[in-house]
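Each chain, letter by letter, is given below.
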Amino acid sequence: MELDKKLIGHTFKPFTTTVEAGKIRLFCKAIGEEDEIYSDEAAAKAAGYRGVTAPPTFLRALQADDPNKGGLLRLLNVDIGLILHGEQHFEYFAPVVVGDKVTCQEKVVDIYDKKGGALWFVVQEMEMKDQTGKLVAKGKGVTVVRNPDAAKK
Amino acid sequence: MATIPKFDQVKVGDELKPLVLPPVSRHQLALYCGGSGDHNPIHVDLDFAKKFGFKDVFAHGMLSMAFLGRLVTSYAPSNKVRKLGTRFTSITWVGDVITVSGKVTGKREENGEKLIDLEVKCTNQNGQDTLQGSATVAAA
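These numbers were taken from a predicted model, which means no experiment stands behind them.

Chemist: I'd like a rundown of the overall build of chain B, residues and numbers included.
Modeler: The secondary structure content of chain B amounts to 3 helices and 5 strands. Helices (α) and strands (β) of chain B occur, in sequence order from the N terminus, as β-α-α-α-β-β-β-β. Counting only contacts in chain B whose residues sit at least 6 apart along the sequence, the fraction spanning at least 24 positions is 67%.

Chemist: I'd like a rundown of the interface of chain A and chain B, residues and numbers included.
Modeler: Contacts between the two partners involve 32 residues from chain A, matched on the other side by 35 residues from chain B. Listed by contribution, the elements that provide at least two residues to the side of chain A that touches chain B are α1 (21-31), α3 (59-63) and β2 (83-92) of chain A. At 8 residues, β2 of chain A tops the list of elements feeding residues into the side of chain A that touches chain B. When grouped by side-chain class, the residues that make up the side of chain A that touches chain B number 16 nonpolar, 9 polar and 7 charged. Two strands pair when backbone bridges link them, and β2 of chain A and strand β2 (residues 81-88) of chain B are joined in this way by 5 bridges, in the antiparallel orientation. From the neighbouring strand, Q88 of chain A faces β2 of chain B, where its bridge partner is T86 of chain B.

Chemist: Let's hear about the sheet that holds β2 of chain B: which residues, and what values?
Modeler: Taken in spatial order, the 10 strands of this open sheet run β1(A)-β3(A)-β4(A)-β5(A)-β2(A)-β2(B)-β5(B)-β4(B)-β3(B)-β1(B), and their pairing is antiparallel. Of all strands in the sheet, those bounded by a partner on one side alone are β1 (15-18) of chain A together with β1 (19-20) of chain B. With 7 bridges connecting them, β2 of chain B and strand β5 (residues 129-138) of chain B associate as antiparallel partners. Residue pairing for β5 of chain B: G85 of chain B is matched across the bridge by S134 of chain B.

Chemist: Summarise the confidence of the model for chain B; cite the residues concerned and give the values.
Modeler: Per-chain confidence: chain B averages 97 in pLDDT, with 100% of residues scoring 70 or above. Model confidence for the complex is summarised by a pTM of 0.97, with the ipTM given as 0.97.

Chemist: Provide a residue-level description of the nonpolar core, including the pertinent values.
Modeler: If you look at the biggest cluster of nonpolar residues, it comprises 53 residues, and the most contacted ones within it are I24 of chain A together with F67, L68, V72 and V137 of chain B. Contributing elements (two or more residues each) for this core: α1, α3, β2 and β3 (101-114) of chain A together with α3 (61-75), β2, β4 (113-123) and β5 of chain B. By size, the runner-up hydrophobic cluster in this structure holds 10 residues, among which are L3, L72, V78 and V108 of chain A.

Chemist: Requested: an account of the environment of G9 of chain A, with residues and values cited.
Modeler: All names here are of chain A. With respect to the element layout, G9 can be found in the segment before β1. Among the residues examined, G9 registers 11 C-beta atoms within 10 Å and is labelled exposed. Not counting the four nearest positions on each side in its chain, G9 is found in contact with K107 and V108.

Chemist: A description of helix α1 (residues 26-36) of chain B should follow, citing residues and the corresponding values.
Modeler: Listed as buried for α1 of chain B are Q28, Y32, G35 and S36 of chain B. Considered in projection along α1 of chain B, the buried side chains sweep an arc of 80 degrees and stay on one side of the axis. Looking at the packing, one finds that the buried side of α1 of chain B touches α1 and α3 of chain A together with α3 of chain B. Phi turns positive, to about 75 degrees, at G37 of chain B, one or two residues after α1 of chain B.

Chemist: Describe the packing of α1 of chain A against α1 of chain B, listing the residues and the values that go with them.
Modeler: It is the contact of α1 of chain A with α1 of chain B, at a shortest axis distance of 8 Å, that shows an interaxial angle of 155 degrees. Viewed along their axes, α1 of chain A and α1 of chain B adopt a mutual orientation that is roughly antiparallel. Between α1 of chain A and α1 of chain B the crossing geometry is left-handed. Listed contacts from α1 of chain B to L26, F27, K29 and A30 of chain A of α1 of chain A are Q28, L31, Y32, G34, G35 and S36 of chain B. Its residues assigned to classes, the contact of α1 of chain A with α1 of chain B shows 5 nonpolar, 4 polar and 1 charged.

Chemist: Could you give an account of α3 of chain B, naming the residues involved and the relevant values?
Modeler: If you check α3 of chain B, its first and last C-alpha atoms are 22 Å apart, about what 15 residues at 1.5 Å a residue would give, namely 21 Å. Along α3 of chain B, 14 of the 15 residues are buried, which leaves the element largely enclosed by surrounding structure.

Procedures and definitions
Residues numbered from 1 in each chain as written. Chains lettered and ligands numbered in written order. Predicted model: local features only at pLDDT ≥ 70, side-chain atom pairs only at ≥ 80, totals over all residues. Helix = DSSP H or I, 4+ residues; strand = E, 2+ residues; numbered from the N terminus. Contact = placed C-beta atoms within 7 Å. Nonpolar A, V, L, I, M, F, W, Y, C, P; charged D, E, K, R; others polar. Pairing = 2+ DSSP bridges. pLDDT = per-residue confidence, 0-100. Core = buried A, V, L, I, M, F, W, Y, C linked by C-beta atoms within 7 Å. Buried ≥ 20, exposed ≤ 12 C-beta atoms within 10 Å, placed from the backbone. Arc of directions from axis to C-beta. Axes fitted to C-alpha atoms, helices over the stretch in contact; angles between N-to-C directions. Parallel < 35°, antiparallel > 145°, perpendicular 65-115°, else oblique. Left-handed = near helix turned anticlockwise from the far one by under 90°. Expected span 1.5 Å × (residues − 1).

Structure, rendered in structure tokens:
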């Protein structure tokens, strides 16, 4: 298996998703987060938010709303069982709150291998803008692909 | 809810109050699968995980990163978090007991905003780091 470095620069189709209260609630339950700013509008407003807000890493869950989810794996022609998450970074410019319509745009910025091709690394950058066009966050992720052929050598 | 850290009172080397989490359970991974929209079966389906060479299912890296987020937002309010990033350095298995810890590594001003840099990490019951990350929060 070898990944095609010509895919560096590939830009995925942007999509827009709405920040939903129920999704934030389930996300918080899963991570054990009980702060009321993530579930109660009055508490969130009292704390200075426009509405119920989302924990910092919920942005990655918004990315999962992509109607063309799995696009990276199809682009790379890689099985989902071979990937691991190598790195994730977020930069925050403004909080998102329930009801916001967030537009996500992702692109591939680098592809490289280590250990003689046993592991491949795909670096993606993502921008998130709210319904006014304001940049609310940037994300950068590194996906690691385990080369299934490496073990056979 | 966290209060805004006071820049003048924060010292490099200050430690955040660690967060010791209950053992990671299969139930938690199922909840995170739904809650995060990351439906990769490797985290919830034992047959699938074994097929790809793993002894068991394992936690989503992003579940542990959410724990880093919990630590950082216990130190500063959510809307004061400017950056959060991590490397996923080893796998978190079902049953692992994760401790989330952090300390202040720097203080600076940027674009008129007072910022505090933090080192944050997740460590398992064997003392092995599973996530090595950093964060930046705004102070008052």
